[in-house]
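Fold and contact review
Okay, here's what each chain looks like letter by letter:
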Amino acid sequence: MFKQTLHISTSPHLKLGVSTDDIMRNVVWAMLPASAFAVYAFGLSVFLLLVTSVVAAILTEHLLCRWSGKESTVNDWSAAITGLLLGLTLPPAFPLWMAFVGSVIAIALGKFAFGGLGYNTFNPALVGRAVLQAAFPAAITTWHPAFLEGRFTDIASSTLALPFMEPTYDAVSGATPLSAFKFDGVAADSADLALGLVSGSAGETCALLIVLGGIYLIARNMMNWRIPVSILLTVYVLSGIMHWVDAEAYPSPVFMLFSGGLMLGAVFMATDMVASPLTAKGVVVYGVLIGLLVVVIRLWGGLPEGVMYAILLANAVSPHIDSALQNRVYGTVKKAKAT
């Protein structure tokens, strides 16, 4: 008789020595360059904004776990990612109390209500931002100038606005590049867009640092490269066709790639492992769908930006994409259609 115990388990039988905590922690590290640039560009207001959104997300997750009798899951870094992502999508001088509310909603409604990590249907940070956009449309579309003198010693008045009080803005910048082109026909310089020398949300400005963070995760095999590549390629091709048809009415594909929240959304939000498809064909279809929706909303919709809605809509159909594009099990044949 064998003296060794035979252990029988389900697949996968070969496992990498990488845990969920490791992946989540690396995602935070990948976002740090863009976060640091946001603080450099906008100063203390953005630093407090990011800290508030992260702390609120971690605190909410911890309290909800305790309230439901579960072990706290804040150590898996997923709540920190949600808070940091939400903060990066908000205007630089966004009131801190609103950011706190957004993080609470992102964790409670976008994540915990679905069962926690691994069960969320939508990207939690985008759920929080969608609610903030509906509840505080003026605050979330008011932009603060970058690279102001004294940004490391002074805090914007709107940042410290009291709850439920109308925020007072010290300085307001012009429209974002997307708004300027959509409503005024003025296109920003592509180099300024790539380097983050324009106004916009806290972490959406420096596209190159976001791309570097994505390359880091892809190199560590912690991100499915097909998702951001299919999104960006779709946006580039479709916007390139429209620009070729009418260069005055439609922006260049480079402008479309580097403006707004496309890079941040394609790299760090659409790639949510839970809310995106699992099959190789499915992630490509998913990415193409997001890219298509971004172009349609930006060029013909009433809003200048469409990344948030595009990703949320694609999250909703993600399970159906997987169901339609399931890989055929080896040795089986497709069922014949009933006649």
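Presented here is a report on the structure given in the accompanying data block. (Residues numbered from 1 in each chain as written. Predicted model: local features only at pLDDT ≥ 70, side-chain atom pairs only at ≥ 80, totals over all residues. Heavy atoms only, no water.)

**Looking at the pattern of salt bridges**
The line we're drawing: Within this document, salt bridges are pairs made up of a side-chain nitrogen of Lys or Arg and a carboxyl oxygen of Asp or Glu, the two lying within 4 Å of each other. Think of it this way: any DSSP run of H or I at least four residues long counts as a helix, any run of E at least two long counts as a strand, and we number them from the N terminus. Note on exposure labels: buried denotes an accessible area under 20% of the residue type's maximum, exposed denotes more than 50%, and partly exposed covers the range between, all computed with a 1.4 Å probe on protein chains only.
Taken as a whole, this structure holds three salt bridges when the rule is applied. A salt bridge links Asp22 to Arg25; its shortest N-O distance comes to 2.7 Å. Of this pair, Asp22 and Arg25 both sit in helix α1 (residues 20–42), three residues apart, which is roughly one turn of that helix. Exposure remark for Asp22: the relative accessible area of 21% places this residue in the partly exposed category. A residue is classified by how much of its surface remains accessible, and Arg25, at 23% relative accessible area, is partly exposed.

**Overview of unusual backbone geometry**
Positive phi is not limited to glycine here, since Trp77 has a value of about 75 degrees. As for its placement among the helices and strands, Trp77 is situated in the loop between α2 (44–67) and α3 (78–88). Phi is positive for Phe147, which is not a glycine, with a value near 60 degrees. Assignment of secondary structure puts Phe147 in the loop between α5 (124–135) and α6 (177–184).

**As for a nonpolar patch on the surface**
Using the following cut-off: For patch detection, residues must exceed 30% relative accessible area and be free of salt bridges, and they are connected within 9 Å for like charges or within 5 Å for nonpolar side chains (Val, Leu, Ile, Met, Phe, Trp, Tyr). Using a 1.4 Å probe, the Shrake-Rupley method yields the accessible areas, and only the shown protein chains count as cover for residues.
Among the surface-exposed residues, Ile218, Trp225, Val229, Leu233, Tyr236, Val237, Ile241, Trp244, Val245 and Val254 lie close enough to one another that they form a single nonpolar patch of about 980 Å² accessible area. Here the element with the most residues in the nonpolar patch is helix α9 (residues 226–245); it accounts for seven residues. The partly exposed category is assigned to Ile218, whose relative accessible area is 33%.

**Comments concerning the environment of Ala187**
Rules: Throughout, a residue-residue contact means that at least one pair of heavy atoms, one from each residue, lies within 4.5 Å.
By the secondary structure assignment, Ala187 is in the loop between α6 and α7 (190–195). Judged by relative accessible area, Ala187 falls into the partly exposed class, the value being 48%. C-alpha of Ala187 to C-alpha of Tyr250: the two residues are 63 residues apart in sequence and 9.9 Å apart in space. Setting aside anything within four residues of it in sequence, one finds Ala187 in contact with Phe181 and Phe255.

**Considering the packing of α2 against α3**
In a packed pair of helices, the relevant descriptors are the angle between the two axes and the axis-to-axis distance. The criterion, for reference: Lines fitted to C-alpha atoms define the axes, with helix axes restricted to the stretch in contact, and inter-axis angles between N-to-C directions lie between 0 and 180 degrees. Left-handed describes a crossing whose near helix is turned anticlockwise from the far helix by less than a right angle; the clockwise case is right-handed. Residue type decides the class: Asp, Glu, Lys and Arg count as charged, Ala, Val, Leu, Ile, Met, Phe, Trp, Tyr, Cys and Pro as nonpolar, and the leftover types, Gly among them, as polar.
Two elements in contact, α2 and α3, have axes whose closest approach is 8 Å; the angle formed by their N-to-C orientations is 145 degrees. The way α2 lies across α3 gives a crossing that is right-handed. Along its contact with α2, which presents Leu49, Leu50, Ser53, Val54, Ala57, Ile58 and Glu61, the element α3 presents Ser78, Ala79, Ala80, Gly83, Leu84, Gly87 and Leu88. When its residues are assigned to classes, the contact of α2 with α3 shows nine nonpolar, four polar and one charged.

**With respect to the side chain of Arg298**
Rules: What qualifies as a polar contact is a pair of N or O atoms within 3.5 Å, subject to a donor-acceptor requirement within protein and to the restriction that residues adjacent in sequence count only when both atoms come from side chains.
Among the secondary structure elements, Arg298 is positioned in helix α12 (residues 280–300). Classification of Arg298 as buried rests on a relative accessible area of 4%. A polar contact of 2.9 Å, which involves the side chain of Arg298, links it to the side chain of Glu305. Here Arg298 is in contact with Leu178, Lys182, Met256, Ser259, Gly260, Gly261, Leu262, Leu303, Pro304, Glu305, Gly306 and Val307, once residues within four sequence places are set aside.

**Some words on the packing of aromatic side chains**
Cut-off, in case you're wondering: Two aromatic rings from Phe, Tyr or Trp, using only the six-membered ring of Trp, form a pair when their centres are within 6.5 Å; if the ring planes differ by under 30 degrees the pair is stacked, by over 60 it is edge-to-face, and anything between is tilted.
All told, the structure shown has eight aromatic pairs when counted by the stated rule. The interplanar angle of 45 degrees and the centroid separation of 5.0 Å between the aromatic rings of Trp97 and Phe164 together place this pair among those described as tilted. In this pair, Trp97 is assigned in helix α4 (residues 96–108) and Phe164 in the loop between α5 and α6, connecting sequence segments 67 residues apart. Since its relative accessible area comes to 13%, Trp97 is described here as buried. By the ring-pair criterion, three or more aromatic residues cluster together here, those being Phe37, Tyr40 and Phe147.

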